[in-house]
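# Tertiary structure, described
Here are the chains, one letter per residue:
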Amino acid sequence: MKYAFFLGCTIPARARNYELSARKVAETVGIDLIETDRFMCCGFPIKAADRDAATLMAAYNLALAQEKGLDICSLCSSCASQLAESAHHLSWDEDERARVNERLSAVGLTYNKGPRVRHFARILFEEVGADTIKEHFKKDLTGLNIAVHYGCHYLKPSSIHDHFDDVEDPESIEDLVALTGATIVDYPGKKMCCGGPVLPVDEKLALSVTKKKLDTLVEAKADALCLVCPFCSVMYDGNQKSIESEFGVTYNLPVLYLTQVLGLAMGFDTKELGLNMNVVKTKELAARIGL
């Protein structure tokens, strides 16, 4: 399994722990992540303000992967959604594809159709599979209660993600976490947004949205929250201390990427998985499984 590895903007700047753990898991299960140093922003941040520019940026990245004959693997849900949606739109809109290619010609690129865009979690779920993943487990996470946050872009729009999971009742990430022996914590508001999209315009409102889910997770007695998007991690992990200070509460709830959870079960040490980079400390959690 070879993929062009699309890191996007947020992961190199704020989520190196996600990248480190993903590389370890990918190497272990046989996913070959091919570096493409010319990749740029996916276009998602400006989509609402300038759709044409966002589509052009996505097409530039898609053309680079197409040039290498590779499908794209993204760790970021927003990047995966933006790239997949642009590929889907350009696959049938010949006029827009012609306009995009006219502009891409300035950098010597042409975009036709494809490549496929896959979130790393989806590759694990659909293409690697449970049996192969479990072959590499060395630690049993039984006794840990882990809640899952899907976020807004991992499954939506469902049509561009081939309806591979039920957007109203998703299970794919929980199924992967459950392989480790951890108990999945169900809780109200599982599909609720992290609050990140409104952070630049109304910080208190954004933090209030994040707080609502953290309150629910504490009530549900979760030991940790598992997610697959760096933007969501910024809210639940990066801003958790700010929420505690702003609202006079205490959580100390570890927030782990799916790749960190799987990596723990694979027996990697905490530094290999970047757990030392998590804002909310994970030392106590790791100690419970003998790390």
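Let me begin by describing the structure that accompanies this report. Since the model is a prediction, treat every value here as computed from it, not as a measurement. (Residues numbered from 1 in each chain as written. Predicted model: local features only at pLDDT ≥ 70, side-chain atom pairs only at ≥ 80, totals over all residues. Heavy atoms only, no water.)

## Re the overall build of the protein
Within the protein, the regular secondary structure consists of 13 helices and eight strands. Relative to its length of 291 residues, the protein is compact, with a C-alpha radius of gyration of 19 Å against a globular reference of 19 Å. For the protein, with 291 residues in total, the buried portion stands at 53%. Once local pairs closer than 6 in sequence are excluded, the contacts in the protein between residues at least 24 apart make up 77%. (Helix = DSSP H or I, 4+ residues; strand = E, 2+ residues; numbered from the N terminus. Rg over C-alpha atoms; globule rule 2.2 N^0.38 Å. Buried < 20%, exposed > 50% of the residue type's maximum accessible area, 1.4 Å probe, protein only. Contact = heavy atoms within 4.5 Å.)

## As for the nonpolar core
The biggest cluster of nonpolar side chains holds 97 residues, and the ones touching the most others in it are I31, L124 and L258. With eight residues, the single largest contributor to this core is helix 3 (residues 51–68). Counting only domains with at least three residues in this core, you end up with domain 1 (2–119) and domain 2 (132–288). Ignoring sequence-local partners within four residues, the contact set of L124 consists of V25, V29, I31, G129, I133, L176, L258 and L262. (Core = buried A, V, L, I, M, F, W, Y, C linked by side-chain atoms within 4.5 Å. Domains from an automatic or database assignment.)

## Some remarks on the sheet that holds strand 4 (residues 117–119)
With parallel pairing, the four strands of this open sheet are ordered in space as 2-1-3-4. Each edge of the open sheet carries a strand with a single partner, namely strand 2 (32–34) and strand 4. Averaged over all pairs of adjacent strands, the angle between strand axes in this sheet comes to 40°, irrespective of strand direction. Across three bridges, strand 3 (residues 71–74) lies against strand 4 in parallel orientation. By the bridge assignment for strand 4, S74 is matched with H119. (Pairing = 2+ DSSP bridges. Axes fitted to C-alpha atoms, helices over the stretch in contact; angles between N-to-C directions.)

## Thoughts on the environment of R23
Secondary-structure assignment places R23 in helix 2 (residues 16–29). The class for R23 is partly exposed, based on a relative accessible area of 28%. Sequence separation between R23 and L273 is 250 residues; the distance between their C-alpha atoms is 9.1 Å. Every residue in contact with R23, bar those within four places of it in the chain, is listed here: F5, L7 and E35.

## What about the pairing of strand 1 (residues 2–6)?
Of all five residues making up strand 1, four are buried, and the element is well covered by its neighbours. Sheet analysis places strand 1 next to strand 2, joined by three bridges and oriented parallel. The residue bridging A4 from the neighbouring strand is I34, located in strand 2. Here four bridges tie strand 1 to strand 3, and the two strands are oriented parallel to one another. Note on strand 3: the bridge partner recorded for F6 is S74.

## Some remarks on helix 6 (residues 120–128)
For helix 6, every residue scored as buried is listed here: F120, A121, R122, I123, L124 and V128. Looking one or two residues beyond helix 6, the residue adopting positive phi is G129, at roughly 90°.

## So, the pattern of salt bridges
The final tally for this structure, using the stated rule, is 19 salt bridges. Between E67 and R38 there is a salt bridge whose closest N-O contact spans 3.8 Å. In this pair, E67 sits in helix 3 while R38 sits in the loop between strand 2 and helix 3, placing the two residues 29 residues apart along the sequence. Residue R118 pairs with D162 through a salt bridge whose shortest N-O separation is 3.6 Å. Of this pair, R118 sits in strand 4 while D162 sits in the loop between strand 5 (145–148) and helix 8 (172–178), and the two are 44 residues apart along the sequence. (Salt bridge = Lys/Arg side-chain N within 4 Å of Asp/Glu carboxyl O.)

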